Amino acid sequence: MSTNEKNITGQELVGYVHRFIAASGSVADQQPTPTLLLLHGTGGTEEDLLSLGNMLFPGAAMLSPRGNVLEDGMSRFFRRLAEGVFDLDDLHRRTGELTAFVRAAAETYHFDPSNVIAVGYSNGANIAASMLLSSPGVLRGAILLRPMVPFIPDQLPDLSGTSVFVSAGRMDPIVPQAQTEQLIQLLQQAGASVHANWLNGGHGIGLEDVRAARSWLVTNL
Ligand code: MLT
């Protein structure tokens, strides 16, 4: 572990095994710089998206929690009843927990809580979308890779000023195209600026996602 990495500290951070990597190189001297909140897919760990984060924004600070729900030994960020059928009570509870964790981590690690960009894949993208739809202001922006509609809010939040990049696969066997379209529509109706990146791929992500997300990040944030 290098000197700019830290383990769990502080009572408030209990609940998520995680990695925090402070900004480094020339990025550390620039202000303001975002902190990437890395949210892995089902069965992943806090290590999974570190290299993706580094490719997207070399030298940026990264906060990477491990989902605190277990499904047959696989870590997730919230419970589901079946593939694509979410336990909404648990989703709302876990969304609140993750939001509180990010706020506590900002104090512990001294990063700007108003400059957090989520980078989520699959289940991680779904909880990031849930954070956007439940707690406007927690995320400045989000890169959602293969997301679904986590839930439909009774009242849309005000997401004006929030930028979202959505990357979807037209042949995704887990996320039907209509789900992604509905999520994009919900976010736009809430006032977010949304960029959709449609690829002729499936649920797995690759270099095409990374390249598009990176150029979106450079241009938009
Ligand atoms: C979910 O459960 O969040 C989605 O179905 C994606 C997945 O994790 O398979």
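Note that the coordinates shown come from a computational prediction; the quantities given were computed from them, not determined experimentally. (Residues numbered from 1 in each chain as written. Predicted model: local features only at pLDDT ≥ 70, side-chain atom pairs only at ≥ 80, totals over all residues. Heavy atoms only, no water.)

It is worth spelling out the packing of helix α3 (residues 88–109) against helix α4 (residues 123–134) at this point. The relative placement of two packed helices is expressed as an angle between their axes plus a distance between the axes. Taken N-terminus to C-terminus, the directions of α3 and α4 make an angle of 85 degrees; their axes are 10 Å apart at the nearest point. Here α4 runs roughly perpendicular to α3, going by the angle between their axes. Contacts from Leu91, Arg94, Thr95, Leu98, Thr99 and Val102 of α3 reach α4 at Ile127, Ser130, Met131 and Ser134. When grouped by side-chain class, the residues that make up the contact of α3 with α4 number five nonpolar, four polar and one charged. (Axes fitted to C-alpha atoms, helices over the stretch in contact; angles between N-to-C directions. Helix = DSSP H or I, 4+ residues; strand = E, 2+ residues; numbered from the N terminus. Parallel < 35°, antiparallel > 145°, perpendicular 65-115°, else oblique. Contact = heavy atoms within 4.5 Å. Nonpolar A, V, L, I, M, F, W, Y, C, P; charged D, E, K, R; others polar.)

Glancing now at α4. Two residues of an α-helix separated by three or four positions point the same way, owing to the 3.6 residues in each turn. When the terminal C-alpha atoms of α4 are compared, their 16 Å separation across twelve residues agrees well with the 16 Å that a helix rising 1.5 Å per residue should span. Counting buried residues along α4, eleven of its twelve residues qualify, which places the element largely inside the surrounding structure. Along α4, the residues classified as buried are Asn123, Gly124, Ala125, Asn126, Ile127, Ala128, Ala129, Ser130, Met131, Leu132 and Leu133. (Expected span 1.5 Å × (residues − 1). Buried < 20%, exposed > 50% of the residue type's maximum accessible area, 1.4 Å probe, protein only.)

The immediate surroundings of the ligand are formed by Thr42, Arg76, Phe78, Arg80, Glu83, Gly84, Phe86, Ser122, Asn123, Asn126 and Met148. At 2.9 Å from an oxygen atom of the ligand is found a side-chain nitrogen or oxygen belonging to Asn123. Within the side chain of Asn126, a nitrogen or oxygen atom sits 2.8 Å from an oxygen atom of the ligand. For the ligand, the protein covers 96% of the area, taking 260 Å² as the surface of the free molecule. Residues that form the shell around the ligand fall into these classes: three nonpolar, five polar and three charged. (Near = heavy atom within 4 Å. Polar contact = N/O pair within 3.5 Å; in protein donor to acceptor, adjacent residues only side chain to side chain. Areas by Shrake-Rupley, 256 points an atom, 1.4 Å probe, with all protein chains shown as cover.)

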